[in-house]
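Geometric and topological summary
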Number of protein chains: 2
Amino acid sequence: MPRRRAVDGSAPTMRDVASLAEVSPMTVSRVLQDHPNVSAENRRRVLAAVKQLGYRRNDLARVLSQGRRLGAVGLIVTNLANPFYARLALGIESVVTRDGIRVMVTNSDEDPDRERAAVGDFVSRQVDGIIIVPAGSNHEYLVDDVPERTPIAMVARPPTGVEADCVLVDDFGGAYEATRRLILHGRTRIGFVGNPPSVYTGSERFRGYCAALEAAGVPLRDSYVKRARDIASAERALAELLALPEPPDAVFCTNNRNTLGAYRAVHRVSAEVVLAGFDDFELSDMLSVPTLIVDYDADELGRRAAQLLLERLQPGDRRYTGPMRRAVVPTTVVEHGFG
Amino acid sequence: MPRRRAVDGSAPTMRDVASLAEVSPMTVSRVLQDHPNVSAENRRRVLAAVKQLGYRRNDLARVLSQGRRLGAVGLIVTNLANPFYARLALGIESVVTRDGIRVMVTNSDEDPDRERAAVGDFVSRQVDGIIIVPAGSNHEYLVDDVPERTPIAMVARPPTGVEADCVLVDDFGGAYEATRRLILHGRTRIGFVGNPPSVYTGSERFRGYCAALEAAGVPLRDSYVKRARDIASAERALAELLALPEPPDAVFCTNNRNTLGAYRAVHRVSAEVVLAGFDDFELSDMLSVPTLIVDYDADELGRRAAQLLLERLQPGDRRYTGPMRRAVVPTTVVEHGFG
DNA sequence: CTGTTAGCGCCTTCAG
DNA sequence: CTGAAGGCGCTAACAG
């Protein structure tokens, strides 16, 4: 099995290439950036030396000398294990990669302190920009911690206390439409399983739910409103709803974990309940109860955020320097098993 | 809404801090690395200047001057959208973050050329190490492209044509055990839906399937062996199996996408088939047919790979410089609905 | 077309 | 305890 090049520990530099090729380091530099002002002969010799030494240009030094940034965006998500955020990362990568920019990703776990630490680290590392799915409800620290030349884009949740570009999901509209459709299907006892109301998406989706009820003249019942933070607690929440004297005939869940938990409870007791939920998931079309899914394109969310960032990183007069923008990605509703 | 610090475009440097604090840049440097040899008074003044300017040390310059690496590992996965790889990334991050190392992630999409390009880019960027879920079946290019001082760890699939640490799943054992259990449940007409045999995991899992059949004296039927590359093709593959004159009474699928596709087909025609599959997925315990899942800890896979890498990055004599190692993460089998 | 000089921002080394 | 000198690897800017 072949082993890898030893190079006596430290990598060769342009000087090594230059002396082997018997030219100046500058000529090597020129060859490597495809500068036209190099004779064919010198170019050949440099390339030969490069190959012989297995030389690779040190991008770090390059970046420093050119006064550029790292060539990477920092991405902070609350939970990479959620496929939604994985797709978000993919969407971002698909856009920034075209500009030779990479993604440095980390997890905040919904902890504002971890988020802040990561932001600081990214700034020190000279990232070109930062994309955040923000935890917490106050992002004012960004004002001090992030210099203006490092653009920020928020995803899924809007910035608070700081100006930043942001890309949101149509949380209100999706929740409204889902609830409206449930009512159209003749359901009026509609339960709600949400995430903590301090999270923007949760409160917007709750607002959409309430507004649709109100528009249809269906009274909101406090006893139908539950919160959950994971699959297990959503399952418990639904069990409580089903145990009410007058249990719901439909339940709207604000995210896929809640919907999954709700389904577990419904399936276990074979309750006569239809499900509606934000975020699609695998097998959502094959459940044993009618299911209505509010879906949206997580890749698109990432792409849009990346674009907003890139526009602020363009050179010269192609750079966008205007006011912060807010994009909203639409949702679509899909019904399964409603016949 | 507060806006962010302007700083006239370019960030302040140590010199700026130094002149404001009326000390030399060296003193600033010392304060910032908590060097003891600084008077309390100078320390105070430096910190005040730092705060006043909103100064942050430039890690890029720091790394260059110290001759260190980027402080990041490059991670190349075949498909980040697969929750398995997202978990892998999480596992890696949880380990390397303790050493102040970040994860730079990219997607190869199973394309060896993209993988190679990413590797080259990571090397140029001076990453500390590279973790790869390798595409293709020949990784000899790494011998030339990656200097020895940049350790490589392969995950899920072993290296070919190059020496590298690697962490594998017990593909053979898991497949063997799943098939064995199906036979114990009285199934003998066991279909197989695999991924392309050129992929290591696919061929190992096929081998496990075959070995278990053989051990039980159950003949392998070629007509029961299908390949698929995504949910839709797995669904079609299963439809073909079910259409055979003597259809299988059980099917072993080599990954969660295949299992999901198989389930779709089985569910659609209400076939009397039990399912076995590698990789867990949401709702695997609530399907309408008995299901047997071969599961393993993707985080652990990531953690192990990260550890192998870190051991080769330790300073001085704590660094591991021995031969390449191979770790195998065990699988567990869970049965649902077998009564 | 080629090489020299100077410097990116920081740190190591060595002299005070 | 402090500072000056020099260099990390590379590249603009300027000479030839």
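Residues numbered from 1 in each chain as written. Chains lettered and ligands numbered in written order. Predicted model: local features only at pLDDT ≥ 70, side-chain atom pairs only at ≥ 80, totals over all residues. Heavy atoms only, no water.

- The name an unreviewed UniProt entry assigns to chain A is Transcriptional regulator, LacI family, from the organism Kribbella flavida.

Quick word on the packing of helix 4 (residues 59–66) of chain A against helix 4 (residues 59–66) of chain B
- Between helix 4 of chain A and helix 4 of chain B, the shortest axis-to-axis distance is 10 Å and the interhelical angle comes to 125°. Overall, the two elements helix 4 of chain A and helix 4 of chain B adopt an arrangement that is oblique. The handedness of the crossing between helix 4 of chain A and helix 4 of chain B comes out as left-handed. The segment helix 4 of chain A lies against helix 4 of chain B, with Leu60, Ala61, Val63 and Leu64 of chain A engaging Leu60, Ala61, Val63 and Leu64 of chain B.
- Its residues assigned to classes, the contact of helix 4 of chain A with helix 4 of chain B comprises 8 nonpolar, no polar and no charged. (Axes fitted to C-alpha atoms, helices over the stretch in contact; angles between N-to-C directions. Helix = DSSP H or I, 4+ residues; strand = E, 2+ residues; numbered from the N terminus. Parallel < 35°, antiparallel > 145°, perpendicular 65-115°, else oblique. Left-handed = near helix turned anticlockwise from the far one by under 90°. Contact = heavy atoms within 4.5 Å. Nonpolar A, V, L, I, M, F, W, Y, C, P; charged D, E, K, R; others polar.)

Some remarks on the sheet that holds strand 3 (residues 129–132) of chain B
- Taken in spatial order, the 12 strands line up as 11(A)-5(A)-4(A)-3(A)-1(A)-2(A)-2(B)-1(B)-3(B)-4(B)-5(B)-11(B) in an open sheet, and their pairing is mixed. At either end of the open sheet lies a strand with only one pairing partner, and these are strand 11 (326–329) of chain A together with strand 11 (326–329) of chain B. The mean angle between the axes of side-by-side strands here comes to 20°, regardless of whether they run parallel or antiparallel.
- One ladder, built from 6 bridges, connects strand 1 (residues 72–77) of chain A with strand 2 (residues 102–107) of chain A; its direction is parallel. Directly across from valine 77 of chain A, in strand 2 of chain A, lies its bridge partner asparagine 107 of chain A. (Pairing = 2+ DSSP bridges.)

Regarding the protein's contact with DNA strand C
- Taken together, 24 residues are adjacent to DNA strand C, and Arg30 and Asn42 of chain A together with Ser29, Tyr55 and Arg62 of chain B come closest.
- Contact distances for DNA strand C include 3.0 Å between a phosphate oxygen and a side-chain N or O atom of asparagine 37 of chain A.
- Residue serine 65 of chain A places a main-chain N or O atom 3.2 Å away from a base oxygen belonging to DNA strand C.
- Elements that contribute at least two residues to the surface near DNA strand C include exactly helix 2 (25–32) and helix 4 of chain A together with helix 2 (25–32) and helix 4 of chain B.
- Of the residues forming the surface near DNA strand C, the biggest block, 4 residues, is contributed by helix 4 of chain B.
- Taken together, the residues that form the surface near DNA strand C break down as 8 nonpolar, 12 polar and 4 charged. (Near = heavy atom within 4 Å. Polar contact = N/O pair within 3.5 Å; in protein donor to acceptor, adjacent residues only side chain to side chain.)

Here's the deal with the pairing of strand 11 of chain B
Residues and elements named next belong to chain B.
- Along strand 11, the buried face is formed by Ala327 and Val329; none of Arg326 and Val328, which line the opposite face, is buried.
- Here 4 bridges tie strand 5 (residues 165–169) to strand 11, and the two strands are oriented parallel to one another. Paired with valine 167 across the two strands is alanine 327, which belongs to strand 11. (Buried < 20%, exposed > 50% of the residue type's maximum accessible area, 1.4 Å probe, protein only.)

Notes on the protein's contact with DNA strand D
- With respect to spatial proximity, 24 residues lie near DNA strand D, and among them Met14, Tyr55 and Arg62 of chain A together with Arg30 and Asn42 of chain B are the closest.
- Counting only atoms of DNA strand D within 4 Å of the protein, the fraction found in sugar and phosphate groups is 68%.
- Note that a phosphate oxygen of DNA strand D is positioned 3.4 Å from one of the side-chain N or O atoms of arginine 57 of chain A.
- Residue assignment for the surface near DNA strand D shows that the elements contributing at least two residues are helix 2 and helix 4 of chain A together with helix 2 and helix 4 of chain B.
- Top element by residues in the surface near DNA strand D is helix 4 of chain A. It accounts for 4 residues.
- Among the residues forming the surface near DNA strand D, the class breakdown is 8 nonpolar, 12 polar and 4 charged.

Quick word on the sheet that holds strand 9 (residues 274–278) of chain B
All names here are of chain B.
- Spatially, 6 strands are ordered 7-6-8-9-10-12 in an open sheet, and the strand pairing comes out mixed. The open sheet terminates on both sides in strands that have one partner only, identified here as strand 7 (225–227) and strand 12 (332–336). Pairs of neighbouring strands in the sheet enclose a mean axial angle of 15°, with direction left out of account.
- Bridging between strand 8 (residues 250–253) and strand 9 involves 4 bridges; their strand directions are parallel. By the bridge assignment for strand 9, cysteine 253 is matched with glycine 277.
- Running at roughly 170° to strand 6 (residues 190–194), helix 9 (residues 200–215) makes contact with strand 6, strand 7, strand 8 and strand 9 of the sheet.
- In the packing of helix 11 (residues 256–269) onto the sheet, the strands contacted are strand 6, strand 8 and strand 9, and the crossing angle to strand 9 comes to about 165°.

Focus: unusual backbone geometry
- A positive phi angle is found at leucine 283 of chain A, which is not glycine, with a value near 70°.
- Residue leucine 283 of chain A is classed as buried on the basis of its relative accessible area of 4%.
- For aspartate 279 of chain B, which is not a glycine, the phi torsion comes out positive at approximately 80°.
- Here aspartate 279 of chain B lies in the loop between strand 9 and strand 10 (291–295).
- Taking relative accessible area as the criterion, aspartate 279 of chain B reaches 9% and is therefore assigned buried.

As for the packing of aromatic side chains
All names here are of chain A.
- Scanning the entire structure with this criterion turns up 18 aromatic pairs over all chains.
- A ring pair is formed by phenylalanine 192 and phenylalanine 252, whose centres lie 6.0 Å apart and whose planes are at 45°; its orientation type is tilted. Note that phenylalanine 192 is positioned in strand 6 (residues 190–194) and phenylalanine 252 in strand 8 (residues 250–253), a separation of 60 residues in sequence.
- A relative accessible area of 0% places phenylalanine 192 in the buried class. (Phe/Tyr/Trp six-rings, centres within 6.5 Å; stacked < 30°, edge-to-face > 60°.)

Observations concerning the pattern of salt bridges
- One pass over the structure, following the stated rule, counts 49 salt bridges over all chains.
- Ionic pairing is found between arginine 102 of chain B and aspartate 121 of chain A, a salt bridge with its closest N-O pair at 2.4 Å. Placement of arginine 102 of chain B in strand 2 (residues 102–107) and of aspartate 121 of chain A in helix 6 (residues 112–124) is noted, with the two residues assigned to different chains. There is no split in this pair, since arginine 102 of chain B and aspartate 121 of chain A are both buried.
- Between arginine 181 of chain A and glutamate 335 of chain A there is a salt bridge whose closest N-O contact spans 2.9 Å. Placement of the pair is arginine 181 of chain A in helix 8 (residues 171–184) and glutamate 335 of chain A in strand 12 (residues 332–336), with a sequence separation of 154 residues.
- Judged by relative accessible area, glutamate 335 of chain A falls into the partly exposed class, the value being 29%. (Salt bridge = Lys/Arg side-chain N within 4 Å of Asp/Glu carboxyl O.)

A look at the UniProt feature "domain: HTH lacI-type" (unreviewed entry) in chain A
- When the UniProt feature table is mapped onto this chain, "domain: HTH lacI-type" (unreviewed entry) is found at residues 12–66 of chain A.
- End-to-end, the C-alpha atoms of residues 12–66 of chain A are 20 Å apart, and along that stretch the chain is 69% helix and 0% strand. (UniProt positions renumbered as here; feature names shortened; annotations may be inferred.)

Quick look at the side chain of aspartate 59 of chain A
- Tracing the chain through its elements places aspartate 59 of chain A in helix 4.
- Contact partners of aspartate 59 of chain A, with chain neighbours within four places excluded, come to Asp121, Ser124 and Arg125 of chain B.

Overview of the domain arrangement of chain A
- Split by domain assignment, chain A resolves into domain 1 (14–57), domain 2 (69–169 + 299–329) and domain 3 (171–295).
- For domain 1 of chain A versus domain 3 of chain A, the distance between C-alpha centres works out to 65 Å. (Domains from an automatic or database assignment.)

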